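Close look at the chain arrangement
For reference, the chains in residue letters:
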Amino acid sequence: LLELCHTPFLGTLPQRHSYSMFGSGKKWSFHCLDINLAKEWMSTCDEYLQYVRRPFSSIPADQLWKCEQSNWSEAYKEWSVLQFWLGVIVAVIVAATRYVDHKHFITTAINVATRIAVA
């Protein structure tokens with residue numbers, strides 16, 4: 001089903017492949033080392049950081065809990081920002097308890113950085 005990218009290290013890498021799944025006629029893409037796609041994804045980080053710096057800017061926290069929203073994409077964005085900050089809080093709590101138990105600052109710092117990156 002999938003064709004792996006077998007190209008020389010310094011050669012030209014294929015950018016996009018389209019495959020039909022199980023003869024259904026529906027196309028999907030497999031990207032292998034697509035630098036333009038990676039750049040596009042990295043450019044969204046700046047946009048997301050603006051949201052993280054100002055949580056609940058588009059929907060107030062008390063409105064976010066309601067099952068009816070006027071704009072569900074904004075609600076999803078706010079929920080993802082909330083999830084990020086909860087992940088940061090959990091990482092700090094875990095780091096504090098690990099530091100108190102083991103007193104390994106470097107290991108604890110690496111663990112916190114990893115948890116925040118995953119959040």
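Residues numbered from 1 in each chain as written. Predicted model: local features only at pLDDT ≥ 70, side-chain atom pairs only at ≥ 80, totals over all residues. Heavy atoms only, no water.

1. Comments concerning the side chain of Asn111
Relative to the assigned elements, Asn111 resides in helix 4 (residues 105–118). Not counting chain neighbours up to four residues away, the residues in contact with Asn111 comprise Val94 and Arg98. (Helix = DSSP H or I, 4+ residues; strand = E, 2+ residues; numbered from the N terminus. Contact = heavy atoms within 4.5 Å.)

2. What to know about the pattern of salt bridges
Tallied over the full model, the rule gives two salt bridges. With its nearest N and O atoms 2.9 Å apart, the salt bridge here joins Lys77 to Glu74. Of the two residues, Lys77 and Glu74 are both situated in helix 3 (residues 72–102); the distance of three residues between them amounts to about one turn of the helix. Under the relative-accessibility criterion, Glu74 is labelled partly exposed at 25%. Salt bridges linked by common partners bring Glu74, Lys77 and Glu78 together as one network. (Salt bridge = Lys/Arg side-chain N within 4 Å of Asp/Glu carboxyl O. Buried < 20%, exposed > 50% of the residue type's maximum accessible area, 1.4 Å probe, protein only.)

3. Things to note about the confidence of the model for the protein
In the predicted model, the protein carries a mean pLDDT of 77, and 78% of its residues have values of at least 70. This stretch, residues 1–13, has a pLDDT under 50; its non-local contacts, to residues over four places away or in other chains, come to 14 contacts. (pLDDT = per-residue confidence, 0-100.)

4. Concerning the packing of helix 1 (residues 35–53) against helix 3
Viewed as axis vectors pointing N to C, helix 1 and helix 3 meet at an angle of 75 degrees, and their least axial separation amounts to 9 Å. One element, helix 1, and the other, helix 3, form an angle in the roughly perpendicular class. Across the interface between the two elements, Tyr48, Tyr51 and Val52 from helix 1 touch Lys77, Ser80, Val81, Phe84 and Trp85 from helix 3. (Axes fitted to C-alpha atoms, helices over the stretch in contact; angles between N-to-C directions. Parallel < 35°, antiparallel > 145°, perpendicular 65-115°, else oblique.)

5. Details of unusual backbone geometry
The phi torsion at Leu33 lies on the positive side, around 55 degrees, for a residue other than glycine. Relative to the helices and strands, Leu33 resides in the loop between strand 2 (27–30) and helix 1. For Leu33, a relative accessible area of 55% gives the class exposed. With a phi close to 60 degrees, Phe56 is a non-glycine residue in the positive phi region. The residue Phe56 is located in the loop between helix 1 and helix 2 (61–64) in this model. Since its relative accessible area comes to 30%, Phe56 is described here as partly exposed.

6. Some points on the packing of helix 3 against helix 4
Direction vectors running N to C along helix 3 and helix 4 enclose 165 degrees, while the axes themselves pass 9 Å from each other. On the basis of the axis angle, helix 3 is roughly antiparallel to helix 4. In the crossing of helix 3 with helix 4, the sense of the turn from one axis to the other is right-handed. Of helix 4, the residues touching helix 3 (which contributes Phe84, Val88, Ala91, Val94, Ala95, Arg98 and Tyr99) are Phe105, Thr108, Asn111, Val112, Arg115 and Ile116. By residue class, the composition of the contact of helix 3 with helix 4 is nine nonpolar, two polar and two charged. (Left-handed = near helix turned anticlockwise from the far one by under 90°. Nonpolar A, V, L, I, M, F, W, Y, C, P; charged D, E, K, R; others polar.)

7. Here's the deal with a nonpolar patch on the surface
Where nonpolar side chains cluster on the molecular surface, the patch consists of Tyr99, Phe105, Ile106 and Ile110 and spans about 450 Å² of accessible area. Of the residues forming the nonpolar patch, the biggest block, three residues, is contributed by helix 4. Relative to the helices and strands, Ile110 resides in helix 4. (Patch = residues over 30% accessible without salt bridge, like charges linked within 9 Å, V, L, I, M, F, W, Y side chains within 5 Å. Areas by Shrake-Rupley, 256 points an atom, 1.4 Å probe, with all protein chains shown as cover.)

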